[in-house]
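Coordinates in review
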Amino acid sequence: MLFRSFAYTPPTGFKALNTKNLSAPTIKDGSDYFNTVLWTGNATARDITTGHNSNFTWIKHRSSAENHNLYDILRGATKRLESNSQDSEQTYADRLTAFNSDGFSLGTGYNNTNTTTYVGWSWAGGGSGTSNSDGSINSTVSASPSSGFSIVTWTGSQADGTVGHGLGVAPSLMIFKRYNNNGTSWPVYHSAIGPSNFVALNETSSSSSSGASFGSTPTAPTSTVFSVGNNGGTNYGTMVAYCFAEVEGYSKFGSWIGNVNADGPFIWTGFSPSFAMWKRIGVDGWVMKDIARSPHNVIDEVLYANLSNAESSTQEVDFLSNGFKIRTNSGASNASGDTYIYMAFDSNPFRSEEHTSELQSRPHISYAVFCLK
């Protein structure tokens, strides 16, 4: 690609949109904190490299219908949860066996079956965890404030209380699970719908009243704590929460309104997404997309967080230089007038020296010229 000077001077008070005029990102290389990796099973114990300390790892079979496997460093490497089921935590010695400084280790079993293809989404945390007494309920927290992610565990009080999350800013998305009990759902808080409602990660159901999930008077999280009440999904038994706060140029949490047109909405994130997950607030599943499985537009390889299904090709979307654009009129992505909530991450923020050469070479990116106020 050739670059040349602009042919005119931008209007007073505006700047030309180029990487030089954008704010420097706090995270220059997002793969230090989030990455998507692919592998083919070989039934031999092995290490998978992600480029960071993979304290929260989410694994899914691509070529076969099997349950999602979610692991985190606070509960322990061998302890699995399933985003598509209400089952309690289960321990397996031959699946994910260790969290490493640059990835994770696999055994010979379920996540490494010979010839089966896999995807793993991995977030860096804050290591083995520290005690947190910011809330009325003591918690253990593995936090990475710089990347806006923390893992939190606590013992539910079955009464109104607050729990420290360790981020220093209010999280935009929180995923909860009671992990010592079968039959308990996965309540999800998203800032776009607020604390009075929630959606369930393991279900296709529409948003519901949160009841006492986030306090008997539903309360949004603060920079230090989130609120919980007398609810089995958020404050009963042994609990875990995965908390995400927005970091400019690296992560984004928001919503869009569908237009039931194959020329669908454009969702601005401020970076070129490498991973996105979204859900219709009405009845539909959780769509999961990434550039590792679909390296070129149109991004069509899809998995669903609430389903064990093998990978398929649908829910088309383009990942662009500063956001993503829906390319389908499917109800799961673009029903008329319906609201969709999303989370998105990039492994290379838009304004960085490391990203300049990538923007010239990644074939799925489209370019445009605008002016910045």
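Please refer to the structure placed before this passage.
Please read all numbers here as calculations on a predicted model, not as lab measurements.

A closer look at the overall build of the protein
- A count of helical and extended segments in the protein gives 2 helices and 29 strands.
- Residue burial in the protein is summarised as follows: out of 373 residues, 54% are buried.
- Accessible area of the protein: about 14300 Å², with a carbon and sulfur share of 47%.

Observations regarding the pattern of salt bridges
- Tallied over the full model, the rule gives 12 salt bridges.
- Among the ionic pairs, Glu246 bridges to Lys252, the shortest N-O distance being 3.3 Å.
- The residue Arg327 makes a salt bridge to Asp318 at a minimum N-O spacing of 2.9 Å.
- Owing to a relative accessible area of 31%, Arg327 belongs among the partly exposed residues under this scheme.
- Several salt bridges converge on common partners, so that one network encompasses Arg62, Asp290, Arg293 and Glu311.

What about the sheet that holds strand E16 (residues 187-190)?
- The strand order across the open sheet built from 8 strands is E11-E12-E13-E20-E15-E16-E17-E18, with neighbouring strands paired in antiparallel fashion. What marks the edges here is a single partner per strand, and that holds for strand E11 (130-132) and strand E18 (208-209).
- Two elements, strand E13 (residues 149-155) and strand E20 (residues 238-244), share 7 bridges in a ladder whose sense is antiparallel. Counterpart to Ser150 in the pairing with E20 is Cys243.

Considerations on the pairing of strand E26 (residues 312-320)
- Sheet topology note: the strand E25 (residues 299-304)/E26 ladder contains 3 bridges and is antiparallel. Directly across from Val302, in E26, lies its bridge partner Ser312.
- Where E26 lies against strand E27 (residues 323-326), 4 bridges are found, and the strand directions are antiparallel. Across the sheet, the residue bridging to Val317 is Ile326, located in E27.

Definitions and limits used
- Residues numbered from 1 in each chain as written.
- Predicted model: local features only at pLDDT ≥ 70, side-chain atom pairs only at ≥ 80, totals over all residues.
- Heavy atoms only, no water.
- Helix = DSSP H or I, 4+ residues; strand = E, 2+ residues; numbered from the N terminus.
- Buried < 20%, exposed > 50% of the residue type's maximum accessible area, 1.4 Å probe, protein only.
- Areas by Shrake-Rupley, 256 points an atom, 1.4 Å probe, with all protein chains shown as cover.
- Salt bridge = Lys/Arg side-chain N within 4 Å of Asp/Glu carboxyl O.
- Pairing = 2+ DSSP bridges.

By themselves, these figures tell us nothing about what the structure is for.
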